[in-house]
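A look at the structure
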Amino acid sequence: MPRLTSLALLAVAALLSGGAIAQTRPDLVSRDRLRVCAAPADLPFSNRAKQGFENKIAEIVADELKLPLHYYWMPQGPGFVRATLGEDMCDLIIGYAADADIVDHSNPYYASTYVLVSRAGSGLDKVESLDDPRLAEVKLGVIAATPPADHLLRLGLVAKARTYALLVDRRYASPAEEALHDLETGVIDAAILWGPIGGYFAKKSETPLSVAPLKSATRPALAFRIAFGLRRNELEWKHQLNDVLRKRKADIENVLHDYGVPLVPIEAAALAPAQDQGEEDRRKDDRRKERDNE
């Protein structure tokens, strides 16, 4: 859940003030080590044992910059950005939605989408859209307050679906793993999960599972671009990180592949809020023209 390292989690993070930050690389960015903000128990993204794919990507960045890697650990949730980047505890968040406006971000380095995870051979492995009529006949699992939940509401499928909590402390609970356990035991027929999460845990399951990437022609978007998150106006730092992404693109893609992250073309993953605002502006213009013509 584009995690936002879920999309919904990052959306509720506190706003970060950048008014006192200079236009060139400031002293806030450490020059002698790579300081990364990360969650201590948030696989497949990160954990203290450094087993997540964002841990591996952080190691690639540190290697390219020739700096030792240092973590500041804090669970994801409201206040994460303010208490990490905002308090100068670190200089980089490895995975952040590129359309989120509470931080600045690098160029996107991958895009993924929500997926439908089902038991292999169930007949749901070819489903590409939540509008597929086959889904009206099955029991779905969905993480509450994520974009797919809005689609299920639109389709009248929420009442029949089983929902799992979004805002949890991952040190003690894992909604995605709960959903997949219910899928394996037949409590639900399919689970709708953020791609990196669904792909990772499905790959680890002892029950053969199918992971089908989902598309949507209507809002909210299901595919999102993921970038590095950093403080606003640290322009030299941003350019340096973009250089790393360009030079180590193949290495980063290998990590994503190893962790089962379903990838979609970056250009196909829309920046949903910007699109929504553009559509709303067009509607306002149309209404103004209608009034002018009356």
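So, how was this worked out
Residues numbered from 1 in each chain as written. Predicted model: local features only at pLDDT ≥ 70, side-chain atom pairs only at ≥ 80, totals over all residues. Heavy atoms only, no water. Helix = DSSP H or I, 4+ residues; strand = E, 2+ residues; numbered from the N terminus. Axes fitted to C-alpha atoms, helices over the stretch in contact; angles between N-to-C directions. Parallel < 35°, antiparallel > 145°, perpendicular 65-115°, else oblique. Contact = heavy atoms within 4.5 Å. Nonpolar A, V, L, I, M, F, W, Y, C, P; charged D, E, K, R; others polar. Salt bridge = Lys/Arg side-chain N within 4 Å of Asp/Glu carboxyl O. Buried < 20%, exposed > 50% of the residue type's maximum accessible area, 1.4 Å probe, protein only. Polar contact = N/O pair within 3.5 Å; in protein donor to acceptor, adjacent residues only side chain to side chain. Left-handed = near helix turned anticlockwise from the far one by under 90°. Arc of directions from axis to C-beta. Disulfide = S-S within 2.5 Å.

Attention now moves to unusual backbone geometry. Between Leu43 and the following residue, Pro44, the backbone shows a cis peptide bond with an omega angle of 15 degrees. Mapped onto the elements of the fold, Pro44 is located in the loop between strand E2 (41–42) and strand E3 (46–47). Backbone torsion omega between Arg219 and Pro220 reads 0 degrees, so that peptide bond is classified as cis. The residue Pro220 is located in the loop between strand E11 (209–213) and strand E12 (223–230) in this model. In this model, Asp88 sits at a positive phi of 60 degrees, which is unusual for a non-glycine residue. Structurally, Asp88 can be placed in the loop between helix H3 (80–83) and strand E5 (92–97).

Orientation of helix H2 (residues 53–65) relative to helix H7 (residues 235–247), taken along the N-to-C sense of each, is 105 degrees, at an axis distance of 10 Å. Accordingly, the angle class assigned to the pair H2 and H7 is roughly perpendicular. Listed contacts from H7 to Val61, Glu64 and Leu65 of H2 are Trp237, Gln240, Leu241, Val244 and Lys247. Among the residues forming the contact of H2 with H7, the class breakdown is five nonpolar, one polar and two charged.

It is worth spelling out the pattern of salt bridges at this point. Within the structure shown, the criterion is met by 17 salt bridges. In this structure, the salt-bridge partner of Asp132 is Arg134, at a minimum N-O distance of 2.8 Å. A residue is classified by how much of its surface remains accessible, and Asp132, at 15% relative accessible area, is buried. The closest approach of N and O atoms between Arg171 and Asp169, which form a salt bridge, is 2.5 Å. Take Asp169: its relative accessible area is 25%, and that puts it in the partly exposed class. Three or more residues joined by partner-sharing salt bridges are found here, namely Arg35, Asp88, Asp91, Arg231 and Glu234.

Turning our attention to the environment of Asp91. Inspection of the secondary structure assignment puts Asp91 in the loop between H3 and E5. With 138 residues separating them in the primary sequence, Asp91 and Gly229 have C-alpha atoms 8.5 Å apart. Those residues in contact with Asp91 that sit more than four places away from it in its chain are Leu28, Val29, Ser30, Arg35, Leu85, Gly229, Leu230, Arg231 and Trp237. Side chain to side chain, Asp91 and Arg35 meet in a polar contact 2.8 Å long. For Asp91, the side chain forms a polar contact with the side chain of Arg231, separated by 2.6 Å.

Here we come to the packing of H2 against helix H8 (residues 249–258). Where H2 meets H8, the axes come as close as 10 Å, and the angle between the chain directions of the two elements is 165 degrees. The pairing of H2 with H8 is recorded here as roughly antiparallel in orientation. Seen from above, H2 lies across H8 with right-handed handedness. Taking contact as the criterion, the partners of Phe53, Lys56, Ile57 and Ile60 in H2 are, on H8, Asp251, Ile252, Val255 and Leu256.

Listing the buried residues of H8 in full gives Ile252, Val255 and Leu256. Down the axis of H8, the smallest arc covering the buried residues is 100 degrees, so these residues share one side. Away from its buried face, by an angle of more than 90 degrees, H8 presents the exposed residues His257 and Asp258. The secondary structure elements touched by the buried residues of H8 are H2, strand E7 (110–119) and H7. Gly260 lies just past H8 and shows a positive phi near 70 degrees.

Here we come to the state of the cysteines. Evaluation of the coordinates by the stated rule reveals one disulfide. Put simply, Cys37 and Cys90 are joined by a disulfide, and their sulfur atoms are 1.8 Å apart. Because the torsion about its S-S bond is 100 degrees, the bridge between Cys37 and Cys90 counts as right-handed. Placement of Cys37 in strand E1 (residues 34–38) and of Cys90 in the loop between H3 and E5 is noted, with a sequence separation of 53 residues between them. Of the two residues examined, Cys37 and Cys90, each falls in the buried class.

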